[in-house]
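Given next are the chains, with one letter for each unit.
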Amino acid sequence: NAGVTQTPKFQVLKTGQSMTLQCAQDMNHEYMSWYRQDPGMGLRLIHYSVGAGITDQGEVPNGYNVSRSTTEDFPLRLLSAAPSQTSVYFCASSYWNRGADEKLFFGSGTQLSVL
Amino acid sequence: AQTVTQSQPEMSVQEAETVTLSCTYDTSESDYYLFWYKQPPSRQMILVIRQEAYKQQNATENRFSVNFQKAAKSFSLKISDSQLGDAAMYFCATAQGGSEKLVFGKGTKLTVNP
């Protein structure tokens, strides 16, 4: 049971380049989400999904795209990277709306630097 | 909108002593959950403890316990018998009931001195 797997762990981009951060989970979770963590800012929600084909925006969605074609995968796309997107990105998943037993599982994060 | 405030950017404690990390929150929801997450230098996010707002009894997990004051919208974390491995960033978070969309505070960096 691998849990939530994020790739890559580190990435350096030049301004204007595009890339996709990968996230996969093997727990059959309906809910998947992306957060970014900036120094002194805590974690902020970028996008989330409650099932295949369903996505929605979080607190800081600008500059990012997502899609959910399968239950297992939830990639995050940066279409034109900017220095302001330098951050640590976390993917997280859980069962959706199942009450007190819900628990959010986090991946190990991707450190992204945009030069 | 929900907000979470952690007023202590940094805290330190002596090994084997007790430390309390503060958290206040604001929400208009009647059904919500509260969480404390630990982030060690490895960067992994680890759930320490969670509290359902409808439960009056404070949650405990071994050396970790919370003081949940619903009327004051306060949710502090007490770590007893602090260990070197407790050194980490600690994040307070809240989520509406039935939702996994967590709103995080800015975190408190805890140092444990030997």
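Coordinates for the structure precede this section.
Residues numbered from 1 in each chain as written. Chains lettered and ligands numbered in written order. Predicted model: local features only at pLDDT ≥ 70, side-chain atom pairs only at ≥ 80, totals over all residues. Heavy atoms only, no water.

1. Let's talk about the overall build of chain A
Scanning chain A for helices and strands turns up 0 helices and 11 strands. What you see in chain A, going N to C, is helices and strands ordered as β-β-β-β-β-β-β-β-β-β-β. In terms of overall size, chain A behaves like a compact globule, its C-alpha atoms giving a radius of gyration of 14 Å where 115 residues would be expected to give roughly 13 Å. By principal-axis analysis of the C-alpha atoms, chain A measures approximately 40 × 30 × 25 Å. Here chain A holds 115 residues, and the buried ones make up 47% of them. Taking as baseline every contact in chain A between residues at least 6 positions apart, the subset at least 24 positions apart corresponds to 54%. (Helix = DSSP H or I, 4+ residues; strand = E, 2+ residues; numbered from the N terminus. Rg over C-alpha atoms; globule rule 2.2 N^0.38 Å. Buried < 20%, exposed > 50% of the residue type's maximum accessible area, 1.4 Å probe, protein only. Contact = heavy atoms within 4.5 Å.)

2. Regarding the state of the cysteines
Considering all chains together, one arrives at 2 disulfides over all chains under this definition. Across the disulfide from C23 of chain A sits C91 of chain A; the S-S distance is 1.9 Å. Across the disulfide from C23 of chain A to C91 of chain A, rotation about the S-S bond amounts to roughly -70°, and the bridge is consequently left-handed. With C23 of chain A in strand β3 (residues 19-25) and C91 of chain A in strand β9 (residues 87-94), this pair connects stretches of sequence that are 68 residues apart. Judged by relative accessible area, which is 0%, C91 of chain A ranks as buried. A sulfur-sulfur distance of 2.0 Å marks the disulfide that ties C23 of chain B to C92 of chain B. In this structure, the disulfide formed by C23 of chain B and C92 of chain B twists by about -70° around the S-S bond and is classed as left-handed. With C23 of chain B in the loop between β3 (19-21) and β4 (24-26) and C92 of chain B in strand β10 (residues 88-96), this residue pair connects regions lying 69 residues apart in the sequence. In this pair, the class of C23 of chain B matches that of C92 of chain B, namely buried. (Disulfide = S-S within 2.5 Å.)

3. Some points on the layout of surface pockets
Reported here for the largest pocket is a volume of approximately 440 Å³. Around the largest pocket sit 22 residues that line it, and E59 of chain A together with Q2, K101, L102 and V103 of chain B are the ones nearest its centre. Taken together, the elements giving at least two residues each to the lining of the largest pocket come down to β5 (42-51) of chain A together with β1 (3-5) and β11 (103-104) of chain B. The element best represented in the lining of the largest pocket is β5 of chain A, accounting for 3 residues. For the lining of the largest pocket, the per-class residue count stands at 9 nonpolar, 8 polar and 5 charged. In this structure, the second largest pocket encloses a volume near 370 Å³. If you go around the second largest pocket, you meet 19 residues; those closest to its centre are Q37 of chain A together with Q39, P40, M89 and F91 of chain B. (1 Å grid on protein atoms, 1.4 Å probe; cavity = no way out; pocket = protein on both sides within 12 Å on 5 of 7 lines; lining within 4 Å. Points joined across faces, edges and corners; volume = space filled by probe spheres on them. Nonpolar A, V, L, I, M, F, W, Y, C, P; charged D, E, K, R; others polar.)

4. Section: the sheet that holds β3 of chain A
Residues and elements named next belong to chain A. The strand order across the open sheet built from 4 strands is β1-β3-β8-β7, with neighbouring strands paired in antiparallel fashion. Only two strands of the sheet have a single partner each, and these edge strands are β1 (4-7) and β7 (64-66). Taking the axes of each pair of neighbouring strands and ignoring which way they run, one obtains an average angle of 20° across the sheet. Pairing of β3 with strand β8 (residues 76-78), which is carried by 3 bridges, proceeds in the antiparallel orientation. Each bridged residue has a counterpart across the sheet, and for M19 the counterpart in β8 is L78. (Pairing = 2+ DSSP bridges. Axes fitted to C-alpha atoms, helices over the stretch in contact; angles between N-to-C directions.)

That's the geometry; what it means functionally is another story.
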